[in-house]
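Survey of secondary and tertiary structure
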Amino acid sequence: MKKLPFILLVFCIFALSCPARTAAGEEGWTEMRGAWIATVGGLDWPDSRDDAIVQQLKLIEQIRGLRELGCNTVFFQVVSNMDALYPSELLPWSAVLTGEEGRDPGYDPLELAVKAAHECGMQIHAWINPLRVSRSDKDPHCSSHISRTHPELVQRYDHRLYLDPGFPEVPEMLSAIASEIVGSYEVDGLHIDDYFYPDGLAKNAKGWKMDSYRKYGKGMKLDAWRFETINNVVKVLYDATHAARSTAVFGVSPSGRLVNTCRLYADPRMWVNEGTVDYLAPQIYWAIGRDDDAAFEKVLESWQFFSKGVPVYVGLAAYKYAGGITKGPDAPYLSIGEFKKELELCREAWYVKGHIWFRTSDILRDDFKTYILSELY
């Protein structure tokens, strides 16, 4: 692959202004302070209209901005639609880099992110969406994309495409992706979010085919079998992560409410009981004081009952601050002070060991950044 020498000069300058790499917990850190860098659709990064040099500079700037803010861990999205932000032998290049799926951008974003994070003394976890194939069944895909090479493994649901984890080839492929990432890059962990079976499948099949269940269901009830297939996906990713790098960790970010994540046939209690996760990062994206079971304090408290010693890092909804919410149960997010209250509750909970902001662009806004530096960190 052709490298861009210009970026070497950037790193020489960058390294002078960043501390040597340290593990989370040093330099006075007593909690994990993370941020998700979302790349799907270019949410946080990149802009496909930028040339390769500008993209690299902006990625370094974001990671450096997180470090200056006080974060110690980056969760960098590298597989979002069965495409890649690194030169993969299994997946095509993501279209978010160049506007064209499968086109080489001329540099390795994951390599760059790992180097930038470590130069800043931060840890970095490679973040993948486990079963999402495409956000729309109308999205064009190149000839090497799985929707075209193995359409028999892909399901269509509500105009979106998913891998069907009931086929044994799917967890095998996910294991290979994990091995490729963790074995090739000095990442500190592998991280997946809550893209499991689609929400609503339990009540309405919407054309989801039953081929895998008929072939591999083993006489089990459908719901039990689907939970088992997701447990297997989590296990193979855990095993692949630890086999590729003994120091790496594997974690999952499920929906904050157990009832929600179970609708996706994912049950974090099983992963903890079976020892197939190193941490959980529940997405608790609801305000304090709601008059329903989604209230932040209620959801937070629920995690103590089945974490069983597995660290909990709470996902915080930075994206909801001043995001157009003018009324309703999440109206408290109109005030940035909502996050101080949430962090106070997290820090009082013995089982919570840190938090992760969703997402990077939101907390790097001037007003949010000033608030975090003055009131939270």
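Scope of this entry: the structure provided in the associated data block.

The rules behind these values
Residues numbered from 1 in each chain as written. Predicted model: local features only at pLDDT ≥ 70, side-chain atom pairs only at ≥ 80, totals over all residues. Heavy atoms only, no water. Helix = DSSP H or I, 4+ residues; strand = E, 2+ residues; numbered from the N terminus. Contact = heavy atoms within 4.5 Å. 1 Å grid on protein atoms, 1.4 Å probe; cavity = no way out; pocket = protein on both sides within 12 Å on 5 of 7 lines; lining within 4 Å. Points joined across faces, edges and corners; volume = space filled by probe spheres on them. Nonpolar A, V, L, I, M, F, W, Y, C, P; charged D, E, K, R; others polar. Expected span 1.5 Å × (residues − 1). Buried < 20%, exposed > 50% of the residue type's maximum accessible area, 1.4 Å probe, protein only. Pairing = 2+ DSSP bridges. Axes fitted to C-alpha atoms, helices over the stretch in contact; angles between N-to-C directions. Polar contact = N/O pair within 3.5 Å; in protein donor to acceptor, adjacent residues only side chain to side chain. Salt bridge = Lys/Arg side-chain N within 4 Å of Asp/Glu carboxyl O. Core = buried A, V, L, I, M, F, W, Y, C linked by side-chain atoms within 4.5 Å. Phe/Tyr/Trp six-rings, centres within 6.5 Å; stacked < 30°, edge-to-face > 60°. Lys NZ or Arg CZ within 6 Å of the ring centre and 35° of its normal.

What follows concerns the environment of Ile372. By secondary structure assignment, the location of Ile372 is in helix α14 (residues 366-376). Each C-alpha atom of the pair Ile372 and Gly315 lies 16 Å from the other, and the pair is 57 residues apart in sequence. Excluding residues that lie within four positions of it along the chain, Ile372 makes contacts with Leu69, Trp357, Ile363 and Tyr377.

Now for empty space enclosed by the protein. In this structure the tally under the stated criterion is one cavity of 30 Å³ or more. Empty space within the largest cavity amounts to approximately 40 Å³. In terms of lining residues, the largest cavity is bounded by Asp164, Tyr197, Trp208, Lys209, Met210, Ser212, Tyr213, Leu222, Trp225 and Arg226. Considering each element in turn, the lining of the largest cavity owes the most residues, three residues, to helix α8 (residues 222-244). Among the residues making up the lining of the largest cavity, the classes are represented as six nonpolar, one polar and three charged.

Moving on, we come to α8. Between its first and last C-alpha atoms α8 spans 33 Å; for 23 residues at 1.5 Å apiece the expected length is 33 Å, and the two agree. Along α8, the residues classified as buried are Trp225, Arg226, Thr229, Ile230, Asn231, Val233, Val234, Val236, Leu237, Tyr238, Ala240 and Thr241. Packing partners of the buried residues in α8 comprise α6 (169-184), β7 (189-192), α7 (211-216), β8 (249-252) and α10 (268-274).

A separate point is the sheet that holds strand β6 (residues 160-163). Within a sheet, each strand pairs with its neighbour through backbone hydrogen bonds, oriented either parallel or antiparallel. The strand order across the open sheet formed by three strands is β4-β6-β5, and the pairing between neighbours is antiparallel. The open sheet has two edge strands, β4 (132-134) and β5 (154-157), and neither has a second partner. Across the sheet, the axes of successive neighbouring strands diverge by a mean angle of 35°, strand direction being ignored. Pairing of β4 with β6 involves two bridges; the strand directions are antiparallel.

The next thing to look at is helix α2 (residues 52-69). The end-to-end C-alpha separation of α2 is 26 Å, in line with the 26 Å expected for 18 residues at 1.5 Å each. Those residues of α2 that sit buried are Ala52, Gln55, Gln56, Leu59, Ile60, Gln62, Ile63, Gly65, Leu66, Arg67 and Leu69. Between a side-chain oxygen at the N-terminus of α2 and the backbone nitrogen of Ile53 the separation is 3.1 Å; the capping residue is Asp51. Directly after α2, the chain includes Gly70, whose backbone phi takes a positive value near 115°.

In this structure, the largest pocket spans a volume of roughly 670 Å³. Lining the largest pocket are 29 residues; nearest its centre among them are Asp193, Asp194, Tyr195, Gln283 and Tyr285. Considering only residue class, the lining of the largest pocket consists of 15 nonpolar, eight polar and six charged. Looking at the lining of the second largest pocket residue by residue, the class counts come to six nonpolar, nine polar and five charged.

The next point concerns the pattern of salt bridges. Summed over all chains, the structure comprises 20 salt bridges. In this structure, the salt-bridge partner of Arg64 is Glu68, at a minimum N-O distance of 3.3 Å. Placement of both Arg64 and Glu68 in helix α2 is noted, with a separation of four residues, approximately one turn of the helix. In this structure Arg64 comes out as partly exposed when scored by relative accessible area, which is 33%. Glu68 sits in the partly exposed class, given a relative accessible area of 47%.

Let us look at the nonpolar core. With 118 residues, the main nonpolar core has Phe76, Val78, Tyr86, Leu163, Ile181, Trp357 and Ile363 as its most contacted residues. Once residues within four sequence positions are removed from consideration, Ile181 is found in contact with Val78, Val79, Tyr86, Leu110, Ala126, Ile128 and Leu190.

Counted under the stated rule, the structure contains 24 aromatic pairs. Ring geometry for Trp357 and Phe368: centres 5.6 Å apart, planes at 80°, overall edge-to-face. Highlighted residues: Trp357 in strand β11 (residues 352-357) and Phe368 in helix α14, separated in sequence by eleven residues. Given a relative accessible area of 0%, Trp357 falls into the buried group. Lying over the aromatic face of Tyr377, Arg33 brings its terminal NZ or CZ to 4.1 Å of the ring centre.

Here we take up the pairing of β11. Within β11, five of the six residues are buried, leaving the element largely enclosed by the surrounding structure. Where strand β1 (residues 32-37) lies against β11, four bridges are found, and the strand directions are parallel. Of the residues in β11, the one forming a bridge with Met32 is Gly354. By the bridge criterion, five bridges tie strand β10 (residues 312-316) to β11 in an arrangement that is parallel. Bridge pairing in β11 links Gly315 to Ile356.

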